[in-house]
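Here is how the chains run, residue by residue.
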Amino acid sequence: MHPARSVILFTTLSGLGFGLLIWLGFGLPAVTGWVAFVFFVLAYLLAVGGLIASAFHLGHPERGLKAFTQWRTSWLSREGWASVTTLIVMAIYGAGLVFLDSRWSLLGWLGSTLSLGTVLTTSMIYTQLRSVPRWHSRLTPALFLVLSLAGGALLAGQTRWAVPLLIFAGIIQIAHWIRGDAALARSGTTMTSATGLRGGAVRAFEPPHTGPNYLLREMVYVVGRKHAARLRVIALLLMVAVPVICLILPFSHLLAALAVLSHLAGVMVSRWLFFAEAEHVVGLYYGQR
Amino acid sequence: MTQLPTETDRKMGLVIDLDTCVGCHACVISCKGWNTENYGAPLSDQSPYGADPSGTFLNRVHSYEVQPEDGLAQLVHFPKSCLHCEDAPCVTVCPTGASYKRVEDGIVLVNESDCIGCGLCAWACPYGARELDAAEGVMKKCTLCVDRIYNNNLPEEDRVPACVRTCPAGARHFGDLGDPDSDVSRLVDARGGFDLMPEQGTKPVNKYLPPRPKDRLEQAGAAPLAPVTEEPGGFLGWLDRALDRLPGGRH
Ligand code: SF4
Ligand code: SF4
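An account of the accompanying structure is given in this report. (Residues numbered from 1 in each chain as written. Chains lettered and ligands numbered in written order. Predicted model: local features only at pLDDT ≥ 70, side-chain atom pairs only at ≥ 80, totals over all residues. Heavy atoms only, no water.)

### Regarding the sheet that holds strand β1 (residues 12–17) of chain B
Residue and element names in this part refer to chain B. Heads up, the condition is: Two strands make a pair as long as DSSP finds a minimum of two bridges between them. In this text, helices come from DSSP runs of H or I with a minimum length of four residues, and strands from runs of E with a minimum of two, each type numbered from the N-terminal end. Only the contacting stretch of a helix is used when fitting its axis, a line to C-alpha atoms as for every element, and angles between N-to-C directions run 0 to 180 degrees.
Taken together, the three strands give an open sheet; going across it, the order is β10-β1-β11, and neighbouring strands pair in mixed fashion. Only two strands of the sheet have a single partner each, and these edge strands are β10 (172–176) and β11 (207–209). This sheet shows a mean twist of 25° between the axes of neighbouring strands, independent of strand direction. Sheet topology note: the β1/β10 ladder contains five bridges and is antiparallel.

Given below as structure tokens:
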């Protein structure tokens, strides 16, 4: 799949933003007043910034409101509802913390649950697609959720939680890669099932047109896959190893900032791979994967 | 509404004969011609006469080579457009309700004025039957020529999809695949019609008919003729020898 910059930015930033909101909702850290204000502004910048980035890949962003109508079947529509509800609930909760110095914990818990739900709906947009076997797995929501929790803990300064969560995220990430590498073969979709042609090996002889097309650009993106192994190592180092080492060393603001920035960069590399490595079965019609 | 109907009154669709298709791409052209000036936004081209031409098509013809273990390779031309699936994953993922499946005839359509161009339906379709138009930013797909098949302003023989009307080889058939007695259903039965990617669970309405077994060279009767001579004789032989004698010739 084509790793569109807008979608990588969106899933990375809003994943982190909603991750921070999860922890803030639970009162970890139990901040009020100005400090709470700074935390909430950061979380909203990330979450809303990500949502705005995602609007850039729409053909008609001005019709965006229509996307709230089909929540009965569409995970994308559910994501819209979940994110807006979360942002409203957390805004009320945050206002209590910032302006009234009071923590309405029930509302906070509700907001945390909704934040988790938002990340879940984002991951389900990809997970539901049977046409992309690498994504069609329970490990996809697991990966999105644990990364969001770990990144949120990191931003919220919850070192005690962040270290084990980061390590756990690394394990799920590796599992997602290992399962993903065999997913297309295991899906049972092959050139033979795609064409239904029996009686011999099927080879793509001529594509429909001499030039590329939307399908190839969007779904048969193979550029850079040859760097996948190296990028996986880089992603793990930046996303997990560097932040964990920074957190284990004696605390300093510089190290904490390094941990966050490194994690952010690592998640972006991981997201790039998430798209670039994902094989859409339509590639089989073009003799590619 | 992106909830799929549990049952449609009819299941209108295409039957494509891979034995008969000659790969002329006439259906591709007639599809583009009809659909660029009728239902919805035109099918745009980007730099059609430039170095890197590209454009929106609702129907594309692939060609495959099937290589049996023994015997000669066989070329199969393979037209592909929306299969109007019963369990259409492209419909349920749509956040806006722009994509829908009609109860009356099972046709899967996009209401372009509701489409936000998110592209998710194109991701969900395993067949590559949907293309986001680069100029209009809305999703385009085969409508089964919904503006022809019920169009009383057209002569009756034209009330079929443009691709079916055009195909010079008669490789494309249109009808109700939900009716077991229709011509298309009987054709599918008789020729062993099959689904594309059945394991994807989309339950396509369109069916494909397999290529018939071909004659084998050794069964064809005539053996290759034995060569009469290795050396050219007569005038050509003289010319050959004469040229060899010229400077620079073979000695
Ligand atoms: S072929 Fe693709 S676009 Fe057409 S109904 Fe099936 S899934 Fe949808
Ligand atoms: S591109 Fe249009 S039709 Fe397709 S899912 Fe998005 S809104 Fe629906």
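### Overview of the sheet that holds strand β1 (residues 201–206) of chain A
Across the sheet, which stays open at both edges, the three strands sit in the order β1(A)-β4(B)-β5(B) with antiparallel pairing between neighbours. Only two strands of the sheet have a single neighbouring strand rather than two, namely β1 of chain A together with β5 (74–81) of chain B. Averaged over all pairs of adjacent strands, the angle between their axes in this sheet comes to 35°, without regard to strand direction. Direction of pairing for strand β4 (residues 59–67) of chain B relative to β5 of chain B: antiparallel, over a ladder of eight bridges. Across the sheet, V66 of chain B pairs through a bridge with Q74 of chain B, a residue of β5 of chain B.

### Quick word on helix α3 (residues 75–99) of chain A
Residue and element names in this part refer to chain A. Going by this rule: To estimate how far a helix should reach, multiply one less than its number of residues by 1.5 Å. Under this definition, polar contacts are N or O atom pairs within 3.5 Å; protein pairs additionally need one hydrogen-donor-capable and one acceptor-capable atom, and for neighbouring residues in sequence, both atoms have to be side-chain atoms.
Here α3 contains 25 residues, and its C-alpha end-to-end distance of 35 Å stays within 8% of the 36 Å for a straight helix at 1.5 Å per residue. The opening residue of α3, the one whose side-chain oxygen lies 3.3 Å from the backbone nitrogen of L76, is S74. A positive backbone phi angle near 55° is found at D101, which sits one or two residues after α3.

### Quick look at the pattern of salt bridges
Cut-off, in case you're wondering: In what follows, salt bridge is the name for a side-chain nitrogen of Lys or Arg lying within 4 Å of a carboxyl oxygen of Asp or Glu. Burial classes follow relative accessibility: with a 1.4 Å probe on protein chains only, a residue under 20% of its type's maximum area counts as buried, one over 50% as exposed, and anything between as partly exposed.
Per the counting criterion, the structure on display carries 20 salt bridges over all chains. E62 of chain A is the salt-bridge partner of R63 of chain A, the closest N and O atoms lying 4.0 Å from each other. Salt-bridge contacts for D105 of chain B lead to R102 of chain B; the nearest nitrogen and oxygen are separated by 2.7 Å. There is no split in this pair, since D105 of chain B and R102 of chain B are both buried. By sharing partners, the salt bridges in this structure join R134, D181, R232, E277 and E279 of chain A into a single network.

### Side note on the site of ligand 1
Rule in force here: Nearness is defined per residue: one heavy atom within 4 Å of the molecule or strand is enough. Residues were grouped as follows: Ala, Val, Leu, Ile, Met, Phe, Trp, Tyr, Cys and Pro as nonpolar; Asp, Glu, Lys and Arg as charged; and all remaining residues, including Gly, as polar.
As a matter of local geometry, ligand 1 sits amid 13 residues, with C82, L83, C85, C90 and C125 of chain B nearest to it. Split by residue class, the shell around ligand 1 holds 10 nonpolar, one polar and two charged.

### Brief notes about the packing of helix α9 (residues 228–248) of chain A against helix α10 (residues 253–276) of chain A
Residue and element names in this part refer to chain A. This is how it is decided: Angle categories are assigned with fixed cut-offs, so that under 35 degrees is roughly parallel, over 145 is roughly antiparallel, 65 to 115 is roughly perpendicular, and the rest are oblique. A crossing counts as left-handed when the near helix is turned anticlockwise from the far one by less than a right angle, and as right-handed when that turn is clockwise. Note on definitions: a residue-residue contact is assigned when non-hydrogen atoms from the two residues lie within 4.5 Å.
Two numbers describe how α9 lies on α10: the axes approach to 8 Å, and their chain directions differ by 155°. Between α9 and α10, the interaxial angle falls into the category roughly antiparallel. Pair α9 / α10 crosses with left-handed handedness. The residues of α10 that touch α9, namely those facing A228, L231, R232, A235, L238, M239, V242, P243 and C246, are L255, L258, A259, S262, H263, A265, G266, V267, V269, S270, W272 and L273. Its residues assigned to classes, the contact of α9 with α10 shows 16 nonpolar, four polar and one charged.

Read these as layout, nothing more, since geometry by itself doesn't imply function.
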